[in-house]
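Reading the structure
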Amino acid sequence: MGPTRAQFIQYAPAALAVAPLVAGPWSALAAAAVGAGAWALNASAPVLRSLIGCGFTATGCGIAAHEVLAAGGNPLIALGLAVPAGAAALAHHRNLTGHTPALTLAATNAGGTAGLTSQAQLITAWWKEFISGPTHTEDRKLIQPGANLEHLALEADGDHVWFTGIITLPQGQQVRVKAADIAAVYQIPVSQVELGDPKHYAPNALPVTVHLKVPAAQPQIAPGTPTTPEELWAAHVAIPEGAMPGTTLTVTRYDGPLDWEGIATRDRRAIGTVNLQDLAGNLDLETIQIALAPGDKPSQMGIRVMREHALMHGTMLSSVVDELSMDSRGYVRAGTYVDSRPALLPLAQPGSGARHLYLVGGSRSGKSGLLEQILLSAHRSGIAVILASPQAGTIAGASLSAYLGDGLDEAMGALRLAYAMMLDREARYRSPAFPFTDPLVLVVIDEAHMLLSASSPYHLEAKAIVEQLTRRSLKRGIGVVLATQTPLAEDLGNSTVIRSQLLIGGGAVFLRCARGQGSLVGANAVEGAEGIDLSMIPSQWPGQYAKVADRDMSGLATETAAAPEDGTFGLGYLLTPGSQAVQFRSLHLDVPPVSLAGGEPPVGTEDCDAWRERDAITQTPMVDKRGKNLIGSLTDLLAAAQGGPSSQEAPHHNPSTPYATAGPAGPGGAPGAPEGQELIKPRILELLQEQSIPMTAETIARKLETPAKRIKPRLSELKKQNKVTNENGLWRAA
């Protein structure tokens, strides 16, 4: 048998050192042969560099020595030229001693044996060179001479390559080879070497398994760690301090850890209030990824976990036009539930009358868009609308209303008219029977806090009227749609009557509110919506911030329209009579709702005394200055309206102002008209004739630089004289 790889690499430089003395220039060929042999034996890069350096030195020295001898020089000089070659051989020996070559495994075929045999030979060579011998290199001590590796078997499985064998010694000796020794030889971690337990084997024979190449480590889940929804639920949600203690989860659909549905059940006990934020924390999710769906049983609650929110892409208004009209049960389409079912809200109840609606939503929550939907549904269902909008110009579909109170004073007038219509119907329908011959009426009050809160100048009167409307109007075919920015009691004038009557008499829609103002617990608790915090509804969908950060500087796209994915407009909770609040999203206004009205005029109310005297009624306060003694009959109301400005309003006038100063006495000593009142009428007529456009009383007062309270009575007088007309709160010359 020829020399081993290690012997070849160690003794080749010595041969190169002697070669110059005998071979002369032929030593270059000898060096090339040594290099080729080292390359064929897969020597490492440092070993090859050392061999090449040694070969060049020996070649140069050999050529020089040959020239000296050929020229007849002193042989001692030629012998001295061999010293550098010897020094190169010693340097190579040091390099080889300080460097342990890495083991390189050749690629093998799955069914071939030649590759496996080659690798097995290489493994055996390394074992003999560093562990068992018989090779023994100077300055390198064998780990245990004679500890041979027998019964070698090499296996490969994809990225996993390993060999097994038995470390064998002569009888009477004991194996002292350690796992760390084997790992150092084959340059692998100690954890990849497995030695048998000496207790179970003969002292001179110990099995070994060496994993030369192992697959990439996979993430390991600690034993007992919950992974399925049921396990996570039991570990974090159902525990005493969890969001739903004592419950068990039954998964009804599973499409991944972030897309599943299930039913939580508590054994013969009501689940009660569920805090959505606590539940999201228990499941390590964002609040918007979870939706609750209360069932018919108080001991059950539906749960839905979403990777992408089911309502992100919205439902287009134009795609459900046929569902906007009221059905036989009095419901209209308001949006879509989180489970993709149509979200319906009631505007009427067959056999009973109208229905109320309580709408809560802060700025940019989609509240105005939902009000426009309601106006369109009322129009398509033949329902007349009296619209009170204290913040002028905020409702794009205001033209669909039978009467528009646009502005704070006009909105108060719309409330007075609605109250008068209720009194009129009560006088005519002593024994109401549904359906009425008169149309249903919706009294829509937007930004109701501007009228009802304690800071409003109309606080006491508006509160008294709305309380009576919510209590008495349903059976007269008049429903109230009241919208505020928060569910706080002060937005309703601190009236528990208004909120309770709205919720008893109809449904509720809760949209996003400002932080700290959307909690439906404590004093603001709403039955059926317990535990919901409207301020936790995000203004953007997850990932939207990254989308916004990707800026487009090509210019303003004036033709583009907002997409449902651009924000969570209309996302909230719908509470219908006899149910729990369920997450839904109102319809996306891909087209203006008013454009779907077909160009038809607004639905009008019946021709009755209250409607005919609406201009005077809207200017007549219905409570005294203390906010008490609300006018309780149509007769008293009409008498107060026909008497001009009420005496209840007189204390508010400042006698020092010219328009409130009594004029000269009239015939019989009766006081005449206040100074300047008759002079303002021609100015009003002149303005309306010049402008040729309809105006509100507020606009006329602003243009004439006169208080609105002075303008409105004069407009009513001019209307009785048939000099001006009023249509939906807009005045124009006759």
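**Structural notes on the overall build of the chain**
Along the backbone of the chain there are 21 helices and 22 strands. Looking at the chain residue by residue over its 734 residues, the buried ones come to 47%. Taking the intrachain contacts of the chain between residues at least 6 apart in sequence as the baseline, contacts between residues at least 24 apart amount to 64%. Carbon and sulfur atoms provide 55% of the accessible area of the chain, an area that totals close to 35900 Å².

**Things to note about the nonpolar core**
In this structure, Met244, Ile445, Leu482 and Phe510 are the most contacted members of the largest nonpolar core, which totals 87 residues. At 11 residues, the largest contribution of residues to this core is made by helix α11 (residues 408–428). Setting aside residues up to four positions removed in sequence, Met244 forms contacts with Trp233, Val237, Ala238, Ala264, Ile271, Val274, Met301 and Ile303. Counting residues in hydrophobic clusters, the runner-up holds 39 residues, among them Val332, Leu347, Leu387 and Leu404.

**Looking at the side chain of Thr576**
The topology assignment puts Thr576 in the loop between β19 (571–575) and β20 (582–586). Residues within four places of Thr576 in sequence aside, it is in contact with Tyr337, Leu344 and Gly507.

**A short note on the pattern of salt bridges**
Here the structure, examined in full by the defined rule, presents 22 salt bridges. We note a salt bridge from Lys367 to Asp446, for which the minimum N-O separation is 3.4 Å. A residue pair is termed long-range when its members are at least 10 positions apart, and Lys367 in helix α10 (residues 367–380) and Asp446 in the loop between β16 (441–445) and α12 (449–452) qualify at 79 residues. Both residues of the pair, Lys367 and Asp446, belong to the buried class. One salt bridge connects Asp607 with Arg612, and the closest N-O pair in it is separated by 3.1 Å. Several salt bridges share partner residues, and in doing so they unite Arg253, Asp255, Asp259, Glu261 and Arg304 into one network.

**Remarks on the side chain of Glu467**
Summarising the element assignment, Glu467 is placed in helix α13 (residues 459–472). The buried charged residue Glu467 lacks any salt bridge, with Lys463 as its nearest oppositely charged partner at 4.7 Å. Within the local environment of Glu467, its side chain forms a polar contact with the side chain of Ser495, the two groups lying 2.6 Å apart. Those residues in contact with Glu467 that lie beyond four places of it in its chain are Ser495, Val497 and Ile498.

**Topic: the pairing of strand β1 (residues 148–157)**
Where β1 and strand β2 (residues 160–168) come together, eight bridges link them in antiparallel fashion. The residue of β2 that forms the bridge with Ala156 is Val161. The loop that links β1 with its antiparallel partner β2 comprises two residues; one of these, Gly158, has a positive phi angle of about 65°.

Here is what the cut-offs are and how they apply
Residues numbered from 1 in each chain as written. Predicted model: local features only at pLDDT ≥ 70, side-chain atom pairs only at ≥ 80, totals over all residues. Heavy atoms only, no water. Helix = DSSP H or I, 4+ residues; strand = E, 2+ residues; numbered from the N terminus. Buried < 20%, exposed > 50% of the residue type's maximum accessible area, 1.4 Å probe, protein only. Contact = heavy atoms within 4.5 Å. Areas by Shrake-Rupley, 256 points an atom, 1.4 Å probe, with all protein chains shown as cover. Core = buried A, V, L, I, M, F, W, Y, C linked by side-chain atoms within 4.5 Å. Salt bridge = Lys/Arg side-chain N within 4 Å of Asp/Glu carboxyl O. Lys, Arg positive; Asp, Glu negative; His and termini not counted. Polar contact = N/O pair within 3.5 Å; in protein donor to acceptor, adjacent residues only side chain to side chain. Pairing = 2+ DSSP bridges.

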